[in-house]
Each structure stands twice: as structure tokens, then as C-alpha cells.
Amino acid sequence: MPVVDAHAHLFAPEQRDRRAVLAERDATFAELYGDPAAKMATAPELLAAMDDAGIERAVVAGFAFADAEECAAQGRAILEAAGEAGGRIIPLATVNPAAPGWRAAAEDAIAAGARGFGELRPWNQGWDPLGPQGHTLADLAEATGTVLLWHVSEPVGHRYPGKAGGITAVELCELAEAHPRARMVAAHLGGGLSFYLEMPEVRASLANVWFDTAAVSLLYDTGSVARLADLAGPERVLFGSDYPLLSPRRQLQRLKASLPGEFALAVCGGNATTLFSESHQP
Ligand SMILES: [Zn+2]
């Protein structure tokens, strides 16, 4: 079973070079990457980290720039990296649904090979995930078999750069209920959404929602992924590192140590392989 990191980030090399300028223009970018010590990775670095961790493939997301041109530049870099990586990079696209022409940009990205969209930060970009754009995006994901990766954060607990501005657990639940066939990933253990899977009607609404473990070691205790697998079912949990924020090798070790062997195989690669399969038919 291949090991898959379902949540890593890349930038175009020229965007990393321009980080100071980008931080002046984009408040969310400044919050996450304004500090020169905050890591921004390019494709060769990601592939080296994957080799170091024994990871075969990674789902690569971008940053939700407000500027549509920056989204497009980042998307081109991720698609190019995927093209050069011989199947090791599963590319996601970024779009800003608050910007004119976004739908055409999203369709172009899918035609060029993007397997989904993310990491989605609707409120940072200035759109309502339950407004027309959110529904259009969910319809598009359903129609094309692509996947929406949402930044979800906890309504409680400590603050961290980039915590706010994604989709809330409540909003994601409502969107999933309206689009039961659209496949979505709730990042960062879903920000508490999994608790409500214990309600039968919520479990039914979330039948096509997966949960990733990105940044879990910064947020939750060591038993949290095992409890999530118990609540959601191990088939709905995806190992994600949030590289380059965290080391995939250490995150993978931590996760494997916390799960029974048969769960670990599915969580560390089997589930993502199925979810992002190009043969998925909507
Ligand atoms: Zn996130």
C-alpha cells in the first residue's frame, strides 16, 4: 500500500522570491508567511522530504491568494511540478471565487489535470461558502469528480497564524448536506465536526466528507486521530502533514504509533489513493 501525504503545500519559486511584496498585498498571506522564518517550499524540497519519510505520493495544495493572478501562477507551478514528478504529486488548484472569471479558471485547472481545489479559505478571500460561489464550487466538484479541501479550524482553543478565515464546521456541514455527492476534505481533523457524526442525520449528510490530520501535533493530543478514526471510520481519515509547516517523516511516525496496523495502512495512503483516483467517476 503506497504511503500518501494528503495535505502538503507548494509555491511557485518566483512567489517565494517575492514573499515580502506578496505580504504587503495580501493580509492572509502576511499572517501565514510574512515572517521570513515561516517555511515556503518548492517541488524539489517536497520530493526530498517525501523520500526521507518513505512517502510515495503527496496531494499538493496551494495558498488561497486574494489575487486571481497569483492563484493562477501558483496553480501552473503545481501542475508543472506534478507533470515532472512522474505521478508522485497529485495537484490541487487554487481559485478565488470572489474574483470575476473564477469559474472558467477552475474549469481550466481541472482540464489541465487538477484533482480538486484547496486549501480553500473562503472568508479570507471574501466569499461565503454557503453563498452562490460555494454552491457553484460544490456543484463543479460533484460534476467533475474533483475534491474540495477546506481549511477548518476549531471554534475554541489557542490562536495560530491562519486559524480564522476558512470554513466553519457548521458551514461545512450545511454545504455537505446541500451537496451530498460532492467529495470534500475537512482539514485539521475537521475543527470538531467529527463529534457530530454521532448524530445519525449528520452522519448521513457527511457521507462524502473525509478528515485529514494536517498539523494535528500542533493542535491535538496523541490519541486524537485514533478517536477520530473511531468516530468517522478509519476509511474517512487521511494522513496529511501540512508540509512544510511540519516534517512529514515525524508526522507519519507519530500517526503510525497511534493507530492499529490495519487502520494505519488505510489512513496513511489507501484512503487518499481511492479518494484522488483519476478513475473516479462522478
Ligand atoms: Zn489549513
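Quantities reported herein were computed from a predicted structural model and do not represent experimental measurements. (Residues numbered from 1 in each chain as written. Predicted model: local features only at pLDDT ≥ 70, side-chain atom pairs only at ≥ 80, totals over all residues.)

K.L.:
Could you clarify how one ought to interpret the sheet that holds strand β2 (residues 57–61) in this entry?
P.N.:
Whenever strands of a sheet pair, they do so through backbone hydrogen bonds, lying parallel or antiparallel. Read from one edge to the other, the open sheet built from three strands follows the order β1-β2-β3, with strand pairing classed as parallel. Edge positions in the sheet fall to β1 (4–9) and β3 (89–91), since each of these pairs with one other strand and no more. Neighbour-to-neighbour, the strand axes of this sheet turn through a mean angle of 30°, independent of strand direction. Where β1 and β2 come together, four bridges link them in parallel fashion. Across the sheet, V4 pairs through a bridge with R57, a residue of β2. (Pairing = 2+ DSSP bridges. Helix = DSSP H or I, 4+ residues; strand = E, 2+ residues; numbered from the N terminus. Axes fitted to C-alpha atoms, helices over the stretch in contact; angles between N-to-C directions.)

K.L.:
Would you mind showing me how to read the packing of helix α4 (residues 43–53) against helix α13 (residues 248–258) here?
P.N.:
The packing of two helices is summarised by the inter-axis angle and the distance between the axes. For the pair α4 and α13, interaxial distance at closest approach is 8 Å and the crossing angle is 35°. Viewed along their axes, α4 and α13 form a crossing whose handedness is right-handed. Taken together, the residues of α13 that come into contact with α4 (itself represented by A49, M50, D52 and A53) are P248, R249 and L252. Grouping the amino acids of the contact of α4 with α13 by side-chain chemistry returns five nonpolar, no polar and two charged. (Left-handed = near helix turned anticlockwise from the far one by under 90°. Contact = placed C-beta atoms within 7 Å. Nonpolar A, V, L, I, M, F, W, Y, C, P; charged D, E, K, R; others polar.)

K.L.:
Which parts of the structure should I look at to understand the environment of G75?
P.N.:
Of note, G75 is situated in helix α5 (residues 68–84). With 34 residues separating them in the primary sequence, G75 and A109 have C-alpha atoms 7.6 Å apart. Apart from residues no more than four positions distant in its own chain, G75 is found in contact with G62, A93, T94 and A109.

K.L.:
Help me out: how do you make sense of the nonpolar core in this one?
P.N.:
Note on soluble globular proteins: their nonpolar side chains tend to be buried together. Formed by 88 residues in total, the largest nonpolar core has its most connected members in L148 and W150. Not counting residues within four places of it along the chain, the set of residues in contact with L148 comprises G116, F117, G118, L120, L137, A138, A141, A182 and M184. (Core = buried A, V, L, I, M, F, W, Y, C linked by C-beta atoms within 7 Å. Buried ≥ 20, exposed ≤ 12 C-beta atoms within 10 Å, placed from the backbone.)

K.L.:
Whenever I open this one, the pairing of strand β5 (residues 147–150) confuses me. Can you help?
P.N.:
Regular strands place their side chains on alternate faces of the sheet. The two faces of β5 match: V147 and L149 on one face and L148 and W150 on the other face are all buried. Note that strand β4 (residues 116–120) and β5 share three bridges and pair parallel. Each residue of the ladder has a partner; that of G116, found in β5, is V147. Crossover connection from β5 via helix α9 (residues 169–178) to parallel strand β6 (residues 183–186): handedness right-handed. (Right-handed = clockwise from strand over helix to strand, strands pointing away.)

K.L.:
Would you explain the environment of L197 in this entry?
P.N.:
Tracing the chain through its elements places L197 in the loop between β6 and α10 (200–205). Considered as a pair, L197 and L218 are 21 residues apart in the sequence and their alpha carbons are 23 Å apart. For L197, the contacting residues outside a window of four places in its chain are V202, R203, L206, L231 and A232.

Limitation: the analysis is restricted to geometry and does not speak to function.
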